[in-house]
Amino acid sequence: MLDLTRLVSRAGLILTGIDRVEMAYLRALLDQPSPLFGLIRSSVGYVLVDKDGCRQLQNAFDHNRWPSPDRIGRWRRLPSGRAGAEALMRQARIARCLPYRLGRMLAKNLPAGTHYINVGHTNFTDRVILGLKRVPDLKIAIMIHDTIPLDFPHFQRPEIPNKFRGFLDRATSHADLLICISEDTHQSVRRHVPKVPSVVVSHLGLTPTAPGQTPQGPWKKPYFITLGTIEPRKNHKLLLDIWPEIPDAHLLICGKRGWENADVFEQLDASPDRVHELTDLSDGEVHALMKNASGLLFPSYAEGFGLPLIEAATIKTPIVCNNLPVCREILGNIPVYAPVSDRYAWVHAVKTMASPNRNTASKESPAFKAPDWETHFNKVLRNI
């Protein structure tokens, strides 16, 4: 049984990194011969679907087509995508219940020995745990992407560190298996939790992206791209501060505005020269921009994995990134590492990559084999 709560809540939106992981798990488990169930905490109670219902959800995401909101969706005034996804899951359900009857619903519909998998950092609550324990011999596997809310609480919304602390405590107390997406994440969990259950470390796979049309705009080569939600942890401020010192090059900031980042939003609202804020790009458009960029810039203070780095390395786009352990674990010596505390190192690295003499040679980076989903699932599913 895969927890699909996060994915359903994101219907109709551009999927973020964790959303994409949940989708990859949905696709992989649909391809397994064993029965599959999906659990969704909806806006009114819980919904349980079988393999056919899971497949209907995958198809709806593939085509981004959702039913009209039902009466519950209209009553709850949900965003149209989420309302449509919840309506679809209610139509496809094999069971649904109010919160206090969750345990009874699961015990009635799930076979003994079911494995519950949660990869979205969502819905692993005390109520769900009590409900799961009503199923004989049920096993629990929880994915931990990172411990950033505890390591960098000042980059989070005020309520997030305590909320994540509760999630991590429940995961390490009740899970039979933790799935860590990097050895760096594994060690971070051990720093925060005295007793850790069984752990499997498996890098996430890279889903190939079909190239799209290159978006056109008021930029020209050389240009650099940075990819991710505009939030304090991603450290867009460093790039905005140094960009006046980068002659001629353009900076493309691809991502939606996040939270707690008023200084950066003010800088962007001032329309700095040669800086372009791009939102709502498709995966294909981002891929096309990245492929033709002089470099991917990644000054993040912390990452659990960093999929944009892997995407860039795969298509041999040069990378400048912060000197993070997880980056070295996955990418080795491929990027140019520049500590975010060293402004001069960033200016020098970007100027070097922007040089006309660098354009051809920059694509001759070391060979890189991206982690793939088949390897990830072979390793994880052997341990579940």
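In the block above lies the structure referred to throughout.
Structure report, in brief. What you see is a predicted model, and the numbers here were worked out from it, not measured in a lab. (Residues numbered from 1 in each chain as written. Predicted model: local features only at pLDDT ≥ 70, side-chain atom pairs only at ≥ 80, totals over all residues. Heavy atoms only, no water.)

## Comments concerning the nonpolar core
Turning to step 1, where the next piece is worked out: Membership of the largest hydrophobic core comes to 72 residues, with the highest contact counts inside it found for Tyr25, Leu26, Leu57, Leu289, Ile310 and Leu331.
Turning to step 2, where the next piece is worked out: Looking at this core, the element that brings in the most residues is helix H2 (residues 17-30), giving eight residues.
Turning to step 3, where the next piece is worked out: Leu106, Tyr116, Ile142 and Phe167 belong to the second largest nonpolar core, which has 33 residues in total. (Core = buried A, V, L, I, M, F, W, Y, C linked by side-chain atoms within 4.5 Å. Buried < 20%, exposed > 50% of the residue type's maximum accessible area, 1.4 Å probe, protein only. Helix = DSSP H or I, 4+ residues; strand = E, 2+ residues; numbered from the N terminus.)

## Comments concerning unusual backbone geometry
Most peptide bonds take the trans form, and the phi angle of most residues other than glycine is negative.
Turning to step 1, where the next piece is worked out: Cis geometry marks the peptide bond from Lys221 to Pro222, where omega comes out at 0°.
Turning to step 2, where the next piece is worked out: By the element assignment, Pro222 lies in the loop between strand S8 (198-201) and strand S9 (223-227).
Turning to step 3, where the next piece is worked out: A positive phi angle, near 60°, is found at Asp137, a position not held by glycine.
Turning to step 4, where the next piece is worked out: Within the secondary structure, Asp137 sits in the loop between helix H7 (126-132) and strand S6 (139-144).
Turning to step 5, where the next piece is worked out: Backbone geometry places Asp280, a non-glycine residue, at a positive phi of 60°.
Turning to step 6, where the next piece is worked out: Relative to the helices and strands, Asp280 resides in the loop between strand S11 (275-278) and helix H13 (283-291).

## A few points about the pairing of strand S2 (residues 38-41)
Turning to step 1, where the next piece is worked out: Of the strand pairs in this sheet, strand S1 (residues 2-3) and S2 are connected by two bridges, and their pairing is parallel. If you follow Leu2 over to S2, its bridge partner there is Gly38.
Turning to step 2, where the next piece is worked out: Pairing analysis gives four bridges linking S2 to strand S3 (residues 46-49), with the strands arranged antiparallel. Opposite Gly38, over in S3, you have Val49 as the bridge partner. (Pairing = 2+ DSSP bridges.)

## Some details on the pattern of salt bridges
Side-chain pairs of opposite charge can arise whenever the charged atoms involved come near each other.
Turning to step 1, where the next piece is worked out: All told, the structure shown has 19 salt bridges when counted by the stated rule.
Turning to step 2, where the next piece is worked out: Two residues, Arg10 and Asp19, come together in a salt bridge whose shortest N-O distance is 2.8 Å.
Turning to step 3, where the next piece is worked out: Measuring nitrogen to oxygen at the nearest pair gives 3.1 Å for the salt bridge that ties Glu303 to Arg233. Placement of the pair is Glu303 in the loop between strand S12 (295-298) and helix H14 (307-314) and Arg233 in the loop between S9 and helix H11 (236-242), with a sequence separation of 70 residues. Assigned by exposure class, Glu303 and Arg233 land together as buried.
Turning to step 4, where the next piece is worked out: Within this structure, Asp70, Arg82, Glu86 and Arg90 form a network of salt bridges that share partners. (Salt bridge = Lys/Arg side-chain N within 4 Å of Asp/Glu carboxyl O.)

## Here's the deal with the packing of H2 against helix H17 (residues 373-383)
The relative placement of two packed helices comes down to the angle between their axes together with the axis-to-axis distance.
Turning to step 1, where the next piece is worked out: Direction vectors running N to C along H2 and H17 enclose 75°, while the axes themselves pass 11 Å from each other. On the basis of the axis angle, H2 is roughly perpendicular to H17. Where H2 approaches H17, its residues Val21, Ala24, Tyr25, Ala28 and Leu29 are matched on the opposing element by Trp373, His376, Phe377, Val380 and Leu381.
Turning to step 2, where the next piece is worked out: Here the contact of H2 with H17 is built from residues that sort into nine nonpolar, one polar and no charged. (Axes fitted to C-alpha atoms, helices over the stretch in contact; angles between N-to-C directions. Parallel < 35°, antiparallel > 145°, perpendicular 65-115°, else oblique. Contact = heavy atoms within 4.5 Å. Nonpolar A, V, L, I, M, F, W, Y, C, P; charged D, E, K, R; others polar.)

## With respect to the side chain of Gln58
Turning to step 1, where the next piece is worked out: Secondary-structure assignment places Gln58 in helix H3 (residues 51-63).
Turning to step 2, where the next piece is worked out: On the basis of relative accessible area, Gln58 is assigned to the buried category, the value being 12%.
Turning to step 3, where the next piece is worked out: What Gln58 contacts, discounting residues up to four positions off in sequence, is Leu26, Arg27 and Leu30.

## Examining the environment of Val135
Turning to step 1, where the next piece is worked out: By secondary structure assignment, the location of Val135 is in the loop between H7 and S6.
Turning to step 2, where the next piece is worked out: Judged by relative accessible area, Val135 falls into the buried class, the value being 3%.
Turning to step 3, where the next piece is worked out: Considering only alpha carbons, one finds Val135 and Thr114, 21 residues apart in sequence, at a separation of 7.7 Å.
Turning to step 4, where the next piece is worked out: The residues touching Val135, leaving out its near neighbours within four places in the chain, are Leu106, Ala107, Leu110 and Pro111.

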